[in-house]
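If you want the building blocks of each chain, they are given just below.
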Amino acid sequence: MFPALTDRARLLAAVRSFFAERNVLEVDVCALSRHAPIALNIDVIDAHVSDKERGFLHTSPEYAMKRLLATGSGDIYFLGHVFRKGEIGRLHNPEFTMAEWYRLGFTLSQLMEETCQFLFLFFSPLPIRRLSYRDAFTQYLSLNYTEAPLSHLQQLASPYLPSDTTHWDRSHYLHLLLSHFIEPHLGQSELTLLTDYPPSEAALACTTIRNQELVAERFEIYYQGVELANGYHELVDPIELRRRFHEDNEQRAAIGKEAYPLDEAFLSALPQMPDCCGVSVGFDRALMLRNQKRSLSEILPFTWV
């Protein structure tokens, strides 16, 4: 364990040097918030602040960092712990270390390049491969993901379906196919940048027309079949984000999850946010692969289990 602790300390220092050289300011935002971030597939750990007040541990520093960006902070990064309910397994722990940063005036391509340079702190420089979401489905499943009948997606996904898919729509099946049939092949001898996600997978990213197709300005980076980074050209339209949050809440309620009140302070800050791109990186996963381990439990000083 001590070699892993030493390597963790070395990489934490290297990350801070990386951003200091680029004049990106470290911010230490609160981990405990009055509002839960709203996402269909991410659940929040709540905390009883007092007998009458409920709070939530942040699943990422995103909302707080965007409020800082709206006040004129300039380029910022966060390096610290985040929390997610129910995430336990080989690549998951309910508490883990995340690096997240925002770059003003960057294009998404510039952020992709910088994120690769960041990951080269952990690994020797590797070839970089860009692959669109559409081309990934074509290459690994011989599938046109926009035109294939839903019944065909269901058939392909059938070995991995949970017991209840009553409320599943097309995007659920695409997500399952991506995770089981495509992701394991990505980044085997390079960093693979998966780009141009469908709008249903945009999350908090802008959308754009590319090759006559509406796509999300979003990328993820994979190495050895493991997702390490998730980046966006950040959406700053509060009306569109409010619509997406309501949609996520409706889907959460439909599958028996709690729907959360919207964070109005966050939404009201968005019109003052500068145009920027942002990305989060799983520090622990990168450290695990750097040390050629199979599980986070092999490199974390303590795990929930």
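Structure's up top.
All of the points below concern the structure found in this document. Since the structure is predicted, the reported quantities are computational estimates derived from the model, not experimental observations.

## Details of the pattern of salt bridges
Phase 1 of the analysis: Taken as a whole and judged by the stated rule, the model has 23 salt bridges.
Phase 2 of the analysis: Across the salt bridge formed by Asp196 and Arg210, the nearest N and O atoms sit 2.5 Å from each other. Taken as a pair, Asp196 in strand S8 (residues 191-197) and Arg210 in strand S9 (residues 207-210) lie far apart in primary sequence, 14 residues in all.
Phase 3 of the analysis: Judged by relative accessible area, which is 35%, Arg210 ranks as partly exposed.

## What to know about the packing of aromatic side chains
Phase 1 of the analysis: Under the definition given, this model contains 20 aromatic pairs.
Phase 2 of the analysis: Between Phe137 and Tyr145 the ring centres are 5.9 Å apart and the planes differ by 40°, which places this aromatic pair in the tilted class.
Phase 3 of the analysis: Judged by its relative accessible area of 0%, Phe137 falls in the buried class.
Phase 4 of the analysis: Arranged with centres 5.0 Å apart and planes meeting at 70°, the rings of Trp168 and Tyr173 form a pair that is edge-to-face.
Phase 5 of the analysis: Looking at Trp168, the relative accessible area reads 22%, which means it is partly exposed.
Phase 6 of the analysis: Members of the aromatic cluster, connected to one another through ring pairs, are Phe18, Phe19, Tyr77, Trp101, Phe118, Phe122, Phe123, Tyr223 and Phe283.
Phase 7 of the analysis: Arg22 extends its terminal NZ or CZ atom over the ring of Phe18, reaching a point 3.6 Å from the ring centre.
Phase 8 of the analysis: Over the ring of Tyr197 we find Arg218, and its NZ or CZ is 4.5 Å from the ring centre.

## Points about the pairing of strand S5 (residues 76-83)
Phase 1 of the analysis: Burial analysis of S5 places seven of its eight residues in the buried class, which makes it a mostly covered element.
Phase 2 of the analysis: Pairing of strand S1 (residues 25-26) with S5 involves two bridges; the strand directions are parallel. By the bridge assignment, Leu25 is partnered in S5 with Ile76.
Phase 3 of the analysis: As defined by bridge partners, S5 adjoins strand S6 (residues 95-104) across eight bridges and the pair is classed as antiparallel. Across the sheet, Gly80 pairs through a bridge with Met98, a residue of S6.

## Section: helix H2 (residues 62-70)
Phase 1 of the analysis: Turning to H2, its buried residues are Glu62, Tyr63, Met65, Lys66, Leu69 and Ala70. The buried residues of H2 all sit within an arc of 165° when viewed along its axis, so they share a single face.
Phase 2 of the analysis: For H2, the elements touching its buried residues are S5, S6, strand S11 (226-233), helix H7 (238-254), helix H8 (264-269) and strand S12 (276-282).
Phase 3 of the analysis: Following H2 by one or two positions, Gly72 has its phi on the positive side, about 100°.

## Things to note about the side chain of Glu114
Phase 1 of the analysis: Along the chain, Glu114 turns up in helix H3 (residues 108-119).
Phase 2 of the analysis: According to the relative accessible area criterion, Glu114 is buried, its value standing at 7%.
Phase 3 of the analysis: A polar contact of 2.8 Å, which involves the side chain of Glu114, links it to the side chain of Arg103.
Phase 4 of the analysis: What Glu114 contacts, discounting residues up to four positions off in sequence, is Phe18, Arg22, Trp101, Arg103 and Phe106.

Calculation notes
Residues numbered from 1 in each chain as written. Predicted model: local features only at pLDDT ≥ 70, side-chain atom pairs only at ≥ 80, totals over all residues. Heavy atoms only, no water. Salt bridge = Lys/Arg side-chain N within 4 Å of Asp/Glu carboxyl O. Helix = DSSP H or I, 4+ residues; strand = E, 2+ residues; numbered from the N terminus. Buried < 20%, exposed > 50% of the residue type's maximum accessible area, 1.4 Å probe, protein only. Phe/Tyr/Trp six-rings, centres within 6.5 Å; stacked < 30°, edge-to-face > 60°. Lys NZ or Arg CZ within 6 Å of the ring centre and 35° of its normal. Pairing = 2+ DSSP bridges. Arc of directions from axis to C-beta. Contact = heavy atoms within 4.5 Å. Polar contact = N/O pair within 3.5 Å; in protein donor to acceptor, adjacent residues only side chain to side chain.

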